[in-house]
Amino acid sequence: MAEASVSEDQFCCPICLDLLKDPVAIPCGHSYCMSCITGCWDQDDDKGVYSCPQCRQAFTPRPDLNKNAMLAEVVEKLKKTKIQQSPQSPVPAQCYADREEDVKCNVCTGRKYKAVKSCLVCLNSYCQNHLEQHEHLFKDKKHYLIDATRRLDQLICIDHDRPLEVFCRTDKLCICLMCVMDKHKNHDTEKASEERRIKQKQLDEKQRQFKEKIQQREEKLQELRDAVESHKRFAQAAVENCETIFTELINSIEKRRSEVTQLIRDQEKAAVSRAEGFMKQLKHDIDDLRRRNAELEKLPFTNDDIYFLRSFQSLTVLPESTDLADITVSSFLSYDDMTKAITLLREQLEDVCKEEIESISQRVKYVEIVPIHEPQTRKDFLQYKCQLSLDTNTTSKNLCLSMGNTVITNTGTTQHYPDHPDRFSFRPQVLCREKVCGRSYWEVEWSASANIWVSVSVAYKSISRKGMGSECTFGYNNQSWKLLCCASEKSQFWHNKRKSICPVVSSKIGVYVDHGAGTLAFYSISDTMTLIHKVQTTFTQPLYPGFGVSKTTTVKLCDLTM
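Residues numbered from 1 in each chain as written. Predicted model: local features only at pLDDT ≥ 70, side-chain atom pairs only at ≥ 80, totals over all residues. Heavy atoms only, no water.

Asker: Would you explain the pairing of strand β15 (residues 453-460) in this entry?
Answerer: Consecutive residues of a regular strand have side chains that alternate between opposite faces of the sheet. Taken across its eight residues, β15 has eight buried, putting it largely inside the fold. Side chains of β15 alternate between two faces, with W453, S455, S457 and A459 and V454, V456, V458 and Y460 buried alike. Where β15 and strand β16 (residues 480-486) come together, seven bridges link them in antiparallel fashion. Counted as the bridge partner of V456 is L483 from β16. Inspection of the sheet shows β15 paired to strand β22 (residues 543-549) by seven bridges, in the antiparallel sense. The residue of β22 that forms the bridge with V454 is V549. (Buried < 20%, exposed > 50% of the residue type's maximum accessible area, 1.4 Å probe, protein only. Helix = DSSP H or I, 4+ residues; strand = E, 2+ residues; numbered from the N terminus. Pairing = 2+ DSSP bridges.)

Given below as structure tokens:
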């Protein structure tokens with residue numbers, strides 16, 4: 001009669017839901033397989049407190065485990081007398097957890113079935129068959145079942161071993177009900193489901209931001225691709241033009257032809273390499289944003305509130321990424337200036353080869369797909385400093401040069417300079433000997449009485465020198481640009497007879513030129529650098545610094561080598 005009343009469920013392990021193997025009884029009276037309870041308590045070693053998976057009674061220190069021989073004998077007898085049940089129907093292939101994304105039943109042995117539910121108390125996932133056993137075994141106890149998930153350990157509070165059900169807005173953490181009364185007391189908390197509902201409303205805006213960033217980067221990426229291809233074509237055309245021209249030169253300049261060709265190739269490689277670096281960064285940003293966006297698109301369909309909140313919190317934080325403002329694709333990628341200079345070199349022959357090759361080298365060096373950012377501080381500008389000297393062959397006879405041709409003074413008296421085709425015949429103006437082809441920075445100091453003007457200028461060498469017309473005056477033609485400074489009035493910027501009013505300037509002016517990028521900027525220098533006026537254009541020839549000096553006025557080129 002005793003055997004007839006024995007039920008198999010009475011001898012199942014609450015952890016593995018199978019018949020007890022090497023059964024042991026713990027102090028609270030519940031029995032488990034030796035291996036099951038050992039494995040469970042091994043995970044609690046770092047806490048130092050061991051609890052019963054069923055009643056949650058805690059034990060300290062860890063109880064010793066001994067096999068219950070009598071219970072083992074009963075279980076063994078039950079196995080032998082167990083009535084053989086009819087074979088079960090074949091399990092459909094789709095019920096097996098064979099795919100990587102499938103959640104496997106923790107109880108199944110051999111080929112595992114897909115789990116349909118996970119228990120937050122047992123921390124196990126169960127297929128349909130073992131779920132029924134679980135529900136039968138714990139029908140009188142409150143267990144928390146959720147849709148099957150592989151993130152069970154992330155859904156339990158590590159401090160209180162309870163399900164995470166609350167979101168702490170103060171600390172931006174998912175916590176359990178015990179935490180609300182403990183570490184997070186008096187914090188701003190909300191049910192996880194309600195917090196998810198709020199975050200769900202923000203999801204569309206975050207996705208819109210991600211899509212906008214993706215689009216911006218795709219457009220910039222395409223712009224860079226087009227610029228790279230254009231740069232390659234220009235570079236190739238420049239090489240071919242150089243080859244055609246240099247093959248017509250005499251053998252004495254063969255070496256210089258090779259130097260120019262190599263300069264073009266080196267700059268092409270450097271410029272393309274720099275652009276490809278930006279392209280790689282943009283591709284990485286796009287991939288990262290797409291990955292995040294794809295994960296965001298999946299979030300609305302998950303039933304796991306905790307996973308949703310954690311994923312939302314990590315995915316919606318915009319990643320540090322490439323600043324699009326740092327990428328400005330150059331609009332000037334032509335090597336035409338260089339080709340013209342080489343043609344001129346062919347006509348001038350060997351006596352001018354060395355000087356013109358240096359000019360060519362500078363022009364090639366600063367053809368950029370993505371130009372280097374402009375300097376921001378005076379220290380940045382000084383890395384492009386150049387030392388200038390005044391060209392006595394261009395000096396108007398009204399001007400007196402001194403201090404090694406670095407100081408100009410309009411004394412109001414005629415100086416006895418020899419005639420020269422480069423000399424300004426009437427306008428009190430002078431150019432520097434040095435030309436500007438790349439990035440250059442220089443500073444000048446000026447002094448004048450009230451209502452007297454001084455011009456700080458740059459001009460092409462081809463500017464007219466003879467006469468008093470606008471073609472000879474700095475700022476009144478398309479060959480020159482000038483900042484007109486006065487001690488008592490606002491300054492003025494002039495180019496091609498067009499005037500712009502600028503702020504009052506100090507007695508020291510800084511001038512920055514990026515010839516390849518077409519940038520000309522004037523700065524007022526005092527305790528700080530203040531931008532006076534900036535021009536963005538295309539320079540077709542080398543620039544020469546120049547000055548217009550009225551009576552009783554002095555201009556000094558500053559020594560930046562100190």
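Asker: How should I be thinking about the state of the cysteines in this particular structure?
Answerer: In a disulfide, the sulfur atoms of two cysteines are covalently bonded to one another. For the coordinates displayed, the defined rule picks out zero disulfides. Here C127 stays unpaired: no disulfide links it, and the sulfur of C108, its closest cysteine neighbor, is 3.7 Å away. Taking the relative accessible area as the measure of exposure, C127 reaches 1% and is therefore buried. (Disulfide = S-S within 2.5 Å.)

Asker: Can you help me understand empty space enclosed by the protein in this one?
Answerer: It is the rolling of a water-molecule-sized probe over the atoms that shows where space remains empty. On inspection of all chains with the given rule, the structure shows two cavities of 30 Å³ or more. Taken together, C386, Q387, L388, W442, E443, L557 and C558 make up the lining of the second largest cavity. When grouped by side-chain class, the residues that make up the lining of the second largest cavity number five nonpolar, one polar and one charged. (1 Å grid on protein atoms, 1.4 Å probe; cavity = no way out; pocket = protein on both sides within 12 Å on 5 of 7 lines; lining within 4 Å. Points joined across faces, edges and corners; volume = space filled by probe spheres on them. Nonpolar A, V, L, I, M, F, W, Y, C, P; charged D, E, K, R; others polar.)

Asker: Just to check I follow, could you spell out the pairing of strand β23 (residues 554-557) for this structure?
Answerer: Only one face of β23 is buried: it carries V555 and L557, and the other face, with T554 and K556, is open. Taken together, the three bridges between strand β12 (residues 407-410) and β23 define a ladder with antiparallel strand orientation. When the bridges of β23 are listed, I408 appears paired with V555. Pairing of strand β14 (residues 439-447) with β23, which is carried by four bridges, proceeds in the antiparallel orientation. Bridge pairing links E445 to K556 in β23.

Asker: Explain the packing of aromatic side chains here, please?
Answerer: The geometry of an aromatic ring pair comes down to the distance between the two centres and the angle between the two planes. For the coordinates displayed, the defined rule picks out twelve aromatic pairs. Here the aromatic rings of Y460 and W481 are separated by 5.5 Å at their centres, their planes lie at 80°, and the arrangement is edge-to-face. In this pair, Y460 is assigned in strand β15 and W481 in strand β16, connecting sequence segments 21 residues apart. Take W481: its relative accessible area is 2%, and that puts it in the buried class. (Phe/Tyr/Trp six-rings, centres within 6.5 Å; stacked < 30°, edge-to-face > 60°.)

Asker: Looking at this structure, how should I read the packing of helix α5 (residues 192-246) against helix α6 (residues 254-298)?
Answerer: Each packed pair of helices is defined by two parameters, the angle between the axes and the distance between the axes. Closest axis-to-axis distance for the α5/α6 pair is 9 Å, and the angle between their directions is 165°. Comparing their axes, α6 and α5 come out roughly antiparallel. Crossing handedness for the pair α5 and α6: left-handed. Its residues assigned to classes, the contact of α5 with α6 comprises 22 nonpolar, five polar and 17 charged. (Axes fitted to C-alpha atoms, helices over the stretch in contact; angles between N-to-C directions. Parallel < 35°, antiparallel > 145°, perpendicular 65-115°, else oblique. Left-handed = near helix turned anticlockwise from the far one by under 90°.)

Asker: So what exactly am I meant to see when it comes to the sheet that holds strand β8 (residues 166-168) here?
Answerer: In space, the three strands of this open sheet follow the order β9-β8-β10, with antiparallel pairing throughout. Each edge of the open sheet is held by one strand with a lone partner, namely β9 (173-175) and β10 (189-191). Here the strands of the sheet are splayed against their neighbours by 30° on average, with no regard to which way each runs. With three bridges connecting them, β8 and β9 associate as antiparallel partners. Opposite F167, over in β9, you have C174 as the bridge partner. Where α5 meets the sheet, it contacts β8 and β10, and its direction lies at approximately 95° from that of β10. (Contact = heavy atoms within 4.5 Å.)

Asker: Quick question: what am I supposed to make of the layout of surface pockets here?
Answerer: Approximately 710 Å³ is the volume found for the second largest pocket. Along its surface, the second largest pocket is lined by 25 residues, and I146, N303, D304, D305 and I306 are the ones closest to its centre. It is helix α7 (residues 305-315) that contributes the most residues to the lining of the second largest pocket, three residues altogether.

Asker: It is not clear to me how the pattern of salt bridges should be interpreted in this structure. Could you clarify?
Answerer: Note on pairing: side chains with opposite charge can pair once their charged atoms come close. Applying the stated criterion to the full structure yields 22 salt bridges. A salt bridge links R169 to E190, with the nearest nitrogen and oxygen atoms 3.9 Å apart. Placement of the pair is R169 in the loop between β8 and β9 and E190 in strand β10, with a sequence separation of 21 residues. By relative accessible area, which is 26% here, E190 ends up partly exposed. Its salt-bridge partner being R265, residue E268 comes within 3.1 Å of it at the nearest N-O pair. Of this pair, E268 and R265 are both found in helix α6, three residues apart, which corresponds to roughly one turn of the helix. Taken together, the salt bridges that share partners define one network made up of R169, D188, E190, E195 and K199. (Salt bridge = Lys/Arg side-chain N within 4 Å of Asp/Glu carboxyl O.)

Asker: Where do I start with the nonpolar core in this structure?
Answerer: Soluble globular proteins tend to bury their nonpolar side chains together. Within the largest apolar cluster, 38 residues are counted, with the highest numbers of intra-cluster contacts made by C174, L224, L282, L296, L299, I306 and L309. Contributing elements (two or more residues each) for this core: β8, β9, α5, α6 and α7. (Core = buried A, V, L, I, M, F, W, Y, C linked by side-chain atoms within 4.5 Å.)

Asker: Is there a simple way to explain the sheet that holds strand β21 (residues 529-536) in this structure?
Answerer: Two pairing modes exist for strands in a sheet, parallel and antiparallel, and in both the strands are linked by backbone hydrogen bonds. The strand order across the open sheet formed by seven strands is β11-β12-β23-β14-β19-β20-β21, and the pairing between neighbours is antiparallel. If you trace the sheet from one side to the other, it starts and ends with β11 (399-402) and β21, each paired once. Direction aside, neighbouring strands of the sheet carry axes that sit 20° apart on average.

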